[in-house]
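# Residue-level structural notes
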Amino acid sequence: MDDDSTHRIETRAIHAGQDPDEETGALMTPIYANSTYVQDGPGDHRGYEYSRTGNPTRSDLEDNLAALEGGEFGRAFSSGMGGINTVLNLLEAGDHVVTGDDVYGGTHRIFTQVYDKYDLSFDFVDTTDHDAVADAMREETALLWAETPTNPLMRVNDISALADLAHEYDALCAVDNTFATPYLQRPLEHGADIVSHSLTKYLGGHSDVVAGALITDDEELDEEIGFYQNSVGATPSPFDCFLVLRGTKTLGVRMDRHCENASELARWLDDHDAVSDVYYPGLESHPQHELAAEQMDDFGGMLSFEVDGTLEQASTVVEETDVFTLAESLGGVESLIEQPAAMTHAAIPREERLEAGLTDGLVRVSVGIEHVDDMKADLDAAFDAAF
Ligand SMILES: *Cc1c(COP(=O)(O)O)cnc(C)c1O
């Protein structure tokens, strides 16, 4: 496949960066499980010297991910947080960062508990409110970090508007595209400078690997990212790269089913007596439904709903399901269920949590690719047990 850029995303997912092995003709990228490479003379290597710096399995994955996002350059990391850490490595002491008040917990933690002490400062605002974002921007603002859709209320942020705001201040706009995946939304097309992924989620897609990635169109930025990738060393093993490459091949078919199931389940929950609210960008009642319809190709596989009852009743619901496994994380083929107030967001003080809309009865689901009728029957049984 010489010119991947002319192909549609389903085709790129399977072929980009995936040329058969030149030596053996092996169709699938081999797992190059080695740390070092022979040199033909001192400094005269064949493209690889040491596997922290570069590894052929990783290179294929990086090319594949870049092609999926419609970007030129991809870099893979040993976790989503390894990639996010690398974006922060690009900043200087004294720099300021603006981000959402509902960013992923691990992102909030690295901002406030790791980089705070290196003289970086952070403002957390409602990124759907562009006046609030503009008010938070300062001369020293070097990064605007956005997620969309956000967790767990599925707020949708306007990537073009946020990128414009960032660029007014010569700041980088980075978008965490983990929830949408490039199959549904490509932030570089909307002006973002860097796309970040937890490959652990939909791109890996099978809950069997932890990995991350950064993608950009800017060569200088990519070189800087590569410098920190190699210097800090949070690089993925070739085994992990192989697993993610295996996952990306089926991204299109998996996402189609995730979206179809989530959309049907959201509508069913919306009509259910045990449920008072449903948060899904595909519902016309979602506050950013129109923006989601413009910015995304479909509405994704994540949704949250409000059990019309107590914290205990919501706990019973998540404990009693069978098709939905009680677990954190998301994006695998299997359906997962969790209660943010008692699990992913339990560290936030209750008052603050309620103010952010994270009520006791809130339940988040990662809708898998099982049969949707089995999901409905499973939830019905759990509601019966709780009420
Ligand atoms: C999981 C996740 C991360 C962190 O990724 P890891 O692979 O767990 O390090 C970052 N952002 C979002 C939106 C996530 O869901």
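Here the structure is shown first, and the text comes after it.
Keep in mind that what you see is a predicted model, and the values were worked out from it rather than measured. (Residues numbered from 1 in each chain as written. Predicted model: local features only at pLDDT ≥ 70, side-chain atom pairs only at ≥ 80, totals over all residues. Heavy atoms only, no water.)

### Observations regarding the site of the ligand
Note the cut-off: The near set for a molecule or strand comprises every residue that places at least one heavy atom within 4 Å of it. The term polar contact refers here to a pair of N or O atoms within 3.5 Å; inside protein, the definition further demands a hydrogen-donor-capable atom paired with an acceptor-capable atom, and it admits residues adjacent in sequence only when both atoms are side-chain atoms. Areas reported here follow the Shrake-Rupley algorithm with a probe of radius 1.4 Å; residue values treat only the protein chains shown as occluding. Counting from the N terminus, the helices are the DSSP runs of H or I reaching at least four residues and the strands are the DSSP runs of E reaching at least two. Three residue categories are used. Nonpolar comprises Ala, Val, Leu, Ile, Met, Phe, Trp, Tyr, Cys and Pro, charged comprises Asp, Glu, Lys and Arg, and polar comprises the others, including Gly.
Near the ligand lie 13 residues; those nearest to it are Gly80, Asp176, Ser198, Thr200 and Lys201. Here Met81 contributes a backbone N or O atom positioned 2.9 Å from an oxygen atom of the ligand. Asp176 is positioned such that a nitrogen or oxygen atom in its side chain is 2.7 Å from a nitrogen atom of the ligand. Calculation on the ligand without its partners gives an accessible area of 380 Å², and the protein chains cover 91% of this total. For the shell around the ligand, the leading source of residues is helix 3 (residues 80-89), giving 3 residues. Tallied by class, residues from the shell around the ligand come to 6 nonpolar, 5 polar and 2 charged.

### Remarks on the nonpolar core
What counts here: Only buried Ala, Val, Leu, Ile, Met, Phe, Trp, Tyr and Cys residues count toward a nonpolar core, and they belong to the same one when joined by side-chain atoms within 4.5 Å. Burial classification: accessible surface area is computed with a 1.4 Å probe over protein chains only, and a residue below 20% of its type maximum counts as buried, one above 50% as exposed, and the rest as partly exposed. Residue ranges labeled as domains rest on an automatic or database domain assignment. Here, residues are in contact when the closest pair of their heavy atoms is within 4.5 Å.
The biggest cluster of nonpolar side chains holds 61 residues, and the ones touching the most others in it are Leu265, Leu269, Leu303, Phe305, Leu379 and Phe383. The dominant element in this core, judged by the number of residues it contributes, is helix 9 (residues 251-270), at 8 residues. If you count residues domain by domain, this core takes at least three from each of domain 1 (4-248) and domain 2 (252-386). Discounting chain neighbours no more than four positions away, the residues touching Leu379 are Leu265, Trp268, Leu269, Phe305, Thr321, Phe324 and Ile337. Within the second largest apolar cluster, 21 residues are counted, among which are Phe77, Leu88, Leu91 and Leu221.

### Points about the pattern of salt bridges
The criterion, for reference: Every case where a carboxyl oxygen of Asp or Glu lies within 4 Å of a side-chain nitrogen of Lys or Arg is listed as a salt bridge.
Evaluation of the coordinates by the stated rule reveals 14 salt bridges. The partner of Glu338 in a salt bridge is Arg364, with the nearest N and O atoms 3.5 Å apart. Pair noted here: Glu338 is in strand 13 (residues 336-338) and Arg364 is in strand 14 (residues 362-366), with a separation of 26 residues, a long-range link. With respect to burial, Glu338 and Arg364 carry one shared label: buried. One salt-bridge network, in which partners are shared between bridges, spans Asp123, Arg138 and Glu140.

### As for the packing of helix 9 against helix 13 (residues 372-386)
We apply this condition: Throughout, an axis means a line fitted to C-alpha atoms (over the contacting stretch in the case of helices), and angles, computed between N-to-C directions, take values from 0 to 180 degrees. For any pair of crossing helices, the crossing counts as left-handed if the nearer helix is rotated counterclockwise from the farther one by less than a right angle, and right-handed if it is rotated clockwise.
Running from amino to carboxyl end, helix 9 crosses helix 13 at an angle of 35°, the nearest separation of the two axes being 10 Å. Where helix 9 crosses over helix 13, the two elements pack in a sense that is right-handed. Here helix 9 contributes Asn261, Glu264, Leu265, Trp268 and Leu269 to the contact with helix 13, which in turn contributes Val372, Met375, Lys376, Leu379, Asp380 and Phe383. Looking at the contact of helix 9 with helix 13 residue by residue, the class counts come to 7 nonpolar, 1 polar and 3 charged.

### Some words on the packing of aromatic side chains
For clarity, the threshold we go by: Under the pairing criterion, centres of Phe, Tyr and Trp rings, with the six-membered ring standing for Trp, must be within 6.5 Å; the plane angle then separates stacked pairs below 30 degrees from edge-to-face pairs above 60, leaving the rest tilted.
Applying the stated criterion across every chain, the model contains 7 aromatic pairs. Look at Tyr37 and Tyr48: their rings are 5.6 Å apart centre to centre, the planes differ by 35°, and that puts the pair in the tilted class. Of this pair, Tyr37 sits in the loop between helix 1 (9-15) and strand 1 (39-41) while Tyr48 sits in the loop between strand 2 (44-45) and helix 2 (56-69); the two residues are 11 residues apart in sequence, bridging distant segments of the chain. Accessibility expressed as a relative area gives 15% for Tyr37, which makes it buried. Judged by relative accessible area, Tyr48 falls into the partly exposed class, the value being 23%. Ring geometry for Tyr115 and Tyr118: centres 5.7 Å apart, planes at 50°, overall tilted. With a relative accessible area of 10%, Tyr115 lands in the buried category. Among the aromatic residues, ring-to-ring pairing joins Phe111, Phe122, Phe124 and Trp145 into one connected group.

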